[in-house]
Amino acid sequence: MEINDLKTIWKKASDQQVQGYWVSKDDVKAMVKKKSKASIADVTRQLKQKVRMSSVISLVALVIGITNLLEFDSKDEFILDGVLSRYQYGSMMIFLAAVILAISIHARIRYRQIKSLENTSDPLRVTLTKTKEIFGKVIKAGTLSDAIVNPILILFAMAVKLYSDTGFALDSRLLLMLGVGGAFYFLFYQLGKFMMNRKFGRFITALNDRLAELEATDSENNSEEV
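First, a word on what this report is: a plain description of the structure on this page. Only a predicted model underlies this, so the values are computations on that prediction, with no experimental measurement involved. (Residues numbered from 1 in each chain as written. Predicted model: local features only at pLDDT ≥ 70, side-chain atom pairs only at ≥ 80, totals over all residues. Heavy atoms only, no water.)

### Some words on the pattern of salt bridges
So the rule is basically this: Each reported salt bridge corresponds to a side-chain nitrogen of Lys or Arg within 4 Å of a carboxyl oxygen of Asp or Glu. Helix and strand assignments come from DSSP, with helices taken as H or I runs of at least 4 residues and strands as E runs of at least 2, each series counted from the N terminus. Relative accessibility decides the category of a residue: with a 1.4 Å probe and only protein chains considered, values under 20% of the type maximum give buried, values over 50% give exposed, and everything between is partly exposed.
Scanning all chains against the criterion turns up 5 salt bridges. A salt bridge links glutamate 71 to arginine 86; the nearest nitrogen and oxygen atoms lie 4.0 Å apart. Of this pair, glutamate 71 sits in the loop between helix 2 (25-70) and helix 3 (86-116) while arginine 86 sits in helix 3; the two residues are 15 residues apart in sequence, bridging distant segments of the chain. The exposure class assigned to arginine 86 is buried, which follows from its relative accessible area of 12%. Because the salt bridges share partners, they merge into one network encompassing Lys35, Arg210 and Glu213.

### What about the packing of aromatic side chains?
Put simply, the rule reads: The pairing test for Phe, Tyr and Trp rings, Trp by its six-membered ring, is centres within 6.5 Å, and the orientation test on the planes gives stacked under 30 degrees, edge-to-face over 60, and tilted for anything in between.
The final tally for this structure, using the stated rule, is 4 aromatic pairs. On the basis of an interplanar angle of 85° and a centroid distance of 5.5 Å, the ring pair of phenylalanine 135 and phenylalanine 200 is categorised as edge-to-face. Of the two residues, phenylalanine 135 is situated in helix 4 (residues 124-163) and phenylalanine 200 in helix 5 (residues 172-225); the sequence distance between them amounts to 65 residues. Phenylalanine 200 gets classed as buried once you look at its relative accessible area, which sits at 3%. Where phenylalanine 184 meets phenylalanine 188, the ring centres are 5.9 Å apart and the plane angle is 25°; that geometry is what we call stacked. With phenylalanine 184 and phenylalanine 188 both in helix 5, this residue pair falls 4 residues apart, about one helical turn.

### Re the nonpolar core
Buried together is how nonpolar side chains tend to be arranged in soluble globular proteins. Cut-off, in case you're wondering: Residues belong to a common nonpolar core when they are buried Ala, Val, Leu, Ile, Met, Phe, Trp, Tyr or Cys residues joined through side-chain atoms within 4.5 Å. Contacts are residue-level and defined by heavy atoms, with any inter-residue pair within 4.5 Å sufficient.
Ranked by internal contacts, the top residues of the largest apolar core, which has 19 residues, are Val43, Leu47, Ile114, Leu128, Phe135, Ile139 and Phe200. Counting only elements with at least two residues in this core, the list comes to helix 2, helix 3, helix 4 and helix 5. When residues of this core are assigned to their parent elements, the largest contribution, 7 residues, is made by helix 5. With near-sequence residues (within four places) excluded, isoleucine 114 lies in contact with Ile40, Val43, Thr44, Leu47, Thr131 and Ile134. Met92, Val149, Leu153 and Ala157 belong to the second largest nonpolar core, which has 11 residues in total.

### Here we look at the packing of helix 3 against helix 4
This is how the line gets drawn: Only the contacting stretch of a helix is used when fitting its axis, a line to C-alpha atoms as for every element, and angles between N-to-C directions run 0 to 180 degrees. The cut-offs work like this: below 35 degrees is roughly parallel, past 145 is roughly antiparallel, 65 to 115 is roughly perpendicular, and the gaps in between are oblique. Following the grouping adopted for this structure description, the nonpolar residues are Ala, Val, Leu, Ile, Met, Phe, Trp, Tyr, Cys and Pro, the charged ones are Asp, Glu, Lys and Arg, and the polar ones are all others, Gly among them.
Relative to each other, helix 3 and helix 4 sit at 175°, their axes nearing to 10 Å. Considered as vectors, helix 3 and helix 4 are oriented roughly antiparallel to each other. For the pair helix 3 and helix 4, contact is made by Gln88, Met92, Phe95, Leu96, Val99, Ile103, His106, Arg110, Gln113 and Ile114 and by Thr131, Ile134, Lys137, Val138, Ala141, Ser145, Val149, Ile152, Leu153, Phe156 and Val160, respectively. Considered class by class, the residues forming the contact of helix 3 with helix 4 number 14 nonpolar, 5 polar and 2 charged.

By themselves, these observations are geometric and do not establish any function.
Here you go:
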């Protein structure tokens with residue numbers, strides 16, 4: 001409970017000359033509604049920040065990719081010489097930029113969906129539930145993108161190294177790459193899931209808490225009516 005909420009309750013209790021701590025049902029509903037809107041606002045701010053950051057990173061990756069493609073025949077020393085050529089590195093960065101841009105677009109769509117809920121006449125419980133579902137999709141998309149894109153980039157670099165001299169062939173090297181790809185998929189999925197929950201899990205928890213508070217107030221009202 002916030003200090004301003006407490007001050008409001010104490011003032012009401014003092015004005016009505018009620019001894020002890022007094023909280024009306026309307027006060028509880030008002031506080032739950034206020035906290036629920038604050039939790040939804042936190043989610044929208046996080047999504048807005050994610051859209052901005054992913055857009056910037058996508059643009060930077062695109063610039064790096066195009067720069068390396070244009071300078072693919074440069075004789076200057078390249079930090080990845082022996083692993084990737086400038087052309088290969090540039091192509092990889094453009095692919096990465098496209099993926100990050102797709103993530104940014106997905107987050108922007110989800111952001112607009114949550115913002116549109118502010119103008120609906122749905123009950124607060126429905127708004128909280130929908131917000132939780134939408135934000136959950138953002139978290140899931142981020143986890144899957146990490147689990148899929150990172151192994152692809154690793155396998156690309158690995159394929160360049162393994163097949164640079166002989167060309168592609170269906171042999172033990174392909175089995176090795178499939179095994180490495182599967183291992184890295186599992187690794188990055190678990191890591192992405194952990195990182196996403198660490199970064200955004202508290203917002204899902206806050207939404208769950210608001211839903212629990214609404215359920216508690218509704219059940220109390222129903223018991224009183226009975």
